[in-house]
Amino acid sequence: GNSVTQMEGPVTLSEEAFLTINCTYTATGYPSLFWYVQYPGEGLQLLLKATKADDKGSNKGFEATYRKETTSFHLEKGSVQVSDSAVYFCAPKWQGGSEKLVFGKGTKLTVNP
Amino acid sequence: DGGITQSPKYLFRKEGQNVTLSCEQNLNHDAMYWYRQDPGQGLRLIYYSQIVNDFQKGDIAEGYSVSREKKESFPLTVTSAQKNPTAFYLCASSIPEGSAFFGQGTRLTVV
């Protein structure tokens, strides 16, 4: 079945460090790809998305590129801030069939001043 | 403003009681979902519904029940058969090829 594998955390970085969180999915069809962010005690919010191969999603300094050849959608940010501390979820969405939303296990990021 | 609303924010349940968590959306989305999140864990799908009067079990449906009588509403009942219900519950809705919108969550605690 469809699945997603996300880099496990926790990840701890200093402010202004470079961030990468890896995400790969099973190659069944061509899903739309999403990254969500969850701040403490809240629901998830959409961070960015890409709907076809080679698309780059970006928001708030975060970027991720849809890589069909490696079935990946890694999240990156060149210079993290303390306010980026949160849990990040990768979520491919396959169309047709059950429309079931599948999430990675989440990666907790802590950014220290 | 369009959005998805969960209530209550905090809920306490006694042993053996059934409790119902509310989820309402005014986004006109067909699909709605319920997830459970345990501390430090990811999201596990309980139930989902793609259309009114229809719903499917997710990965951990045992001890839970849902209904979808209206497009806007997808309440979740945590029954006494759920042996470990203390968790953070998240409701979401979406459209095909679109992102999911989440409520703010309900934190359920067994006392």
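Residues numbered from 1 in each chain as written. Chains lettered and ligands numbered in written order. Predicted model: local features only at pLDDT ≥ 70, side-chain atom pairs only at ≥ 80, totals over all residues. Heavy atoms only, no water.

1. Topic: the interface of chain A and chain B
Next up, step 1: Taken together, the contacts link 18 residues of chain A with 23 residues of chain B.
Next up, step 2: Carbon and sulfur atoms make up 53% of the area that chain A and chain B hide from each other, which totals about 1,700 Å².
Next up, step 3: Counting every contact that joins chain A to chain B gives 0 salt bridges.
Next up, step 4: Our enumeration of links across chain A and chain B arrives at 5 residue pairs in polar contact (both at pLDDT 80 or more). (Contact = heavy atoms within 4.5 Å. Buried area = accessible area lost by both parts, 1.4 Å probe. Salt bridge = Lys/Arg side-chain N within 4 Å of Asp/Glu carboxyl O. Polar contact = N/O pair within 3.5 Å; in protein donor to acceptor, adjacent residues only side chain to side chain.)

2. Notes on the state of the cysteines
Residues and elements named next belong to chain A.
Next up, step 1: All told, the structure shown has 2 disulfides over all chains when counted by the stated rule.
Next up, step 2: A sulfur-sulfur separation of 1.9 Å characterises the disulfide bridge that pairs Cys23 with Cys90. Taking the torsion about the S-S bond as the criterion, the Cys23 to Cys90 disulfide, at about -65°, is left-handed. In this pair, Cys23 sits in strand S4 (residues 23-25) while Cys90 sits in strand S10 (residues 86-93), placing the two residues 67 residues apart along the sequence.
Next up, step 3: Among the residues examined, Cys23 registers a relative accessible area of 1% and is labelled buried.
Next up, step 4: Under the relative-accessibility criterion, Cys90 is labelled buried at 0%. (Disulfide = S-S within 2.5 Å. Helix = DSSP H or I, 4+ residues; strand = E, 2+ residues; numbered from the N terminus. Buried < 20%, exposed > 50% of the residue type's maximum accessible area, 1.4 Å probe, protein only.)

3. Side note on unusual backbone geometry
Glycine aside, residues mostly have negative phi, and peptide bonds are mostly found in the trans state.
Next up, step 1: Residue Pro10 of chain A follows Gly9 of chain A across a cis peptide bond; omega there is -5°.
Next up, step 2: Summarising the element assignment, Pro10 of chain A is placed in the loop between strand S1 (4-6) and strand S2 (11-14).
Next up, step 3: In this chain, Ser7 of chain B is followed by Pro8 of chain B through a cis amide linkage whose omega measures -10°.
Next up, step 4: One non-glycine residue, Glu16 of chain A, adopts positive backbone phi at about 75°.
Next up, step 5: Along the chain, Glu16 of chain A falls in the loop between S2 and strand S3 (19-21).
Next up, step 6: For Glu16 of chain A, a relative accessible area of 62% translates into the label exposed.
Next up, step 7: Even without being glycine, Asp54 of chain A reaches a positive phi, approximately 75°.

4. Things to note about the side chain of Gln38 of chain A
Next up, step 1: Within the fold, Gln38 of chain A resides in strand S5 (residues 32-38).
Next up, step 2: Among the polar contacts made by the side chain of Gln38 of chain A, one reaches the side chain of Gln37 of chain B at a distance of 2.9 Å.

Any functional reading would require information beyond the geometric quantities listed.
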